[in-house]
Amino acid sequence: YQARRDSVVKALRADFSDCVSFTVPAGGVAIWCETAAGIDVDAWAQRAGQKGLLINTARHYSFDGRARPYFRVCFASLTTEEMADALRRLQAAL
């Protein structure tokens, strides 16, 4: 999964550097991204859903259901080409 992770990291840095920050994970299958101030991550996820993406925000994983400015980018199940398409859709939903 390292090649997939590296591809996603490269794309996030190139296309989302003004709106998300993240730490490159040493392992695993996903990257947690923190949105910049002023971005409603849940609204962004909803717009992404209208473009055929499923974006899990931190609200989905929180015990209290409160909104938090994070979302998860899973890179395990998509090919590099599919992930590039997904990230283009995500950017269009911003």
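Quick caveat: nothing in here was measured; it's all calculated off a predicted structure.

## Let's talk about the overall build of the protein
So, point 1. For the protein, the helix and strand inventory stands at four helices and four strands.
So, point 2. Seen in sequence order, the protein has helices and strands lined up from the N terminus as α-β-β-α-β-α-β-α.
So, point 3. Burial status across the protein gives 34% buried among its 94 residues.
So, point 4. A separation threshold of at least 6 residues defines the contact pool for the protein, and within that pool the share at least 24 residues apart is 58%.
So, point 5. As presented, the protein carries roughly 5700 Å² of accessible surface, and 50% of it is formed by carbon and sulfur atoms.

## Side note on the packing of aromatic side chains
So, point 1. Across all of its chains, the model carries three aromatic pairs by this definition.
So, point 2. Considering the side-chain rings of Phe-16 and Trp-44, the 6.2 Å spacing of their centres and the 35° angle between planes classify their relative orientation as tilted. Here Trp-44 lies in helix H2 (residues 41-50) and Phe-16 lies in the loop between helix H1 (2-15) and strand E1 (20-22), a separation of 28 residues in the sequence. Summarising the burial analysis for this pair, Phe-16 and Trp-44 share the class buried.
So, point 3. Ring geometry for Trp-44 against Phe-71: centres 5.2 Å apart, planes inclined by 70°, an arrangement best described as edge-to-face. Here Phe-71 lies in strand E4 (residues 70-74) and Trp-44 lies in helix H2, a separation of 27 residues in the sequence.
So, point 4. Judged by relative accessible area, which is 1%, Trp-44 ranks as buried.
So, point 5. Phe-71 gets classed as buried once you look at its relative accessible area, which sits at 1%.

## Considering the layout of surface pockets
So, point 1. If you add up the space inside the largest pocket, you get close to 290 Å³.
So, point 2. Around the largest pocket, the lining comprises 17 residues; the ones closest to its centre are Leu-54, Ile-55, Cys-74, Leu-78 and Ala-86.
So, point 3. The element best represented in the lining of the largest pocket is helix H4 (residues 80-93), accounting for seven residues.
So, point 4. Classifying every residue of the lining of the largest pocket gives 10 nonpolar, three polar and four charged.

## Describing the sheet that holds E4
So, point 1. Spatial ordering of the open sheet is given by E1-E2-E4-E3, a layout of four strands whose pairing is antiparallel. Single-partner strands in this sheet number two, and they are E1 and strand E3 (56-57).
So, point 2. Packed on one face of the sheet, H1 meets E1, strand E2 (30-35) and E4 and runs near 15° to E2.

## As for the pattern of salt bridges
So, point 1. This structure, assessed with the given rule, holds five salt bridges.
So, point 2. Close ionic contact of Asp-42 with Arg-59 constitutes a salt bridge, the shortest N to O distance being 3.0 Å. Pair noted here: Asp-42 is in helix H2 and Arg-59 is in helix H3 (residues 58-61), with a separation of 17 residues, a long-range link.
So, point 3. With its nearest N and O atoms 3.2 Å apart, the salt bridge here joins Arg-68 to Asp-64.
So, point 4. A single salt-bridge network, built from bridges that share partners, covers Asp-64, Arg-66 and Arg-68.

What counts, and where the lines are drawn
In this convention, every chain numbers its residues from 1, walking through the sequence in written order. Per-residue local features of the predicted model are confined to residues with pLDDT of at least 70, and side-chain atom pairs are confined, for both listing and counting, to 80 or more; whole-chain, interface and lining totals are unaffected and use all residues. Calculated side-chain values reflect all of the structure's heavy atoms, with hydrogen atoms and water omitted. Helical segments are the DSSP runs of H or I of at least four residues, strand segments are the runs of E of at least two, and each set is numbered from the N terminus. A simple rule labels every residue: compare its accessible area, found with a 1.4 Å probe on the protein chains alone, to the largest value its type can have, and call it buried under 20%, exposed over 50%, or partly exposed in between. Residue contacts follow a heavy-atom distance rule, with two residues in contact if any of their heavy atoms lie within 4.5 Å. Using a 1.4 Å probe, the Shrake-Rupley method yields the accessible areas, and only the shown protein chains count as cover for residues. We call Phe, Tyr and Trp rings a pair once their centres come within 6.5 Å, taking the six-membered ring for Trp, and we label the pair stacked below 30 degrees between planes, edge-to-face above 60, and tilted otherwise. Using a 1 Å grid laid over the protein atoms alone, points where a 1.4 Å probe fits but cannot get out form a cavity; open sets with protein on both sides within 12 Å along at least 5 of 7 lines form a pocket; any residue with an atom within 4 Å of a point counts as lining. Grid points are joined across faces, edges and corners, and a volume is the space filled by probe spheres set on the points. Amino acid classes used here: Ala, Val, Leu, Ile, Met, Phe, Trp, Tyr, Cys and Pro are nonpolar; Asp, Glu, Lys and Arg are charged; the rest, including Gly, are polar. The pairing criterion for strands is at least two bridges between them, as found by DSSP. Orientation is described by lines fitted to C-alpha atoms, with helices fitted over the stretch in contact, and by angles between N-to-C directions that extend from 0 to 180 degrees. Salt-bridge detection follows one rule: a side-chain nitrogen of Lys or Arg within 4 Å of a carboxyl oxygen of Asp or Glu.

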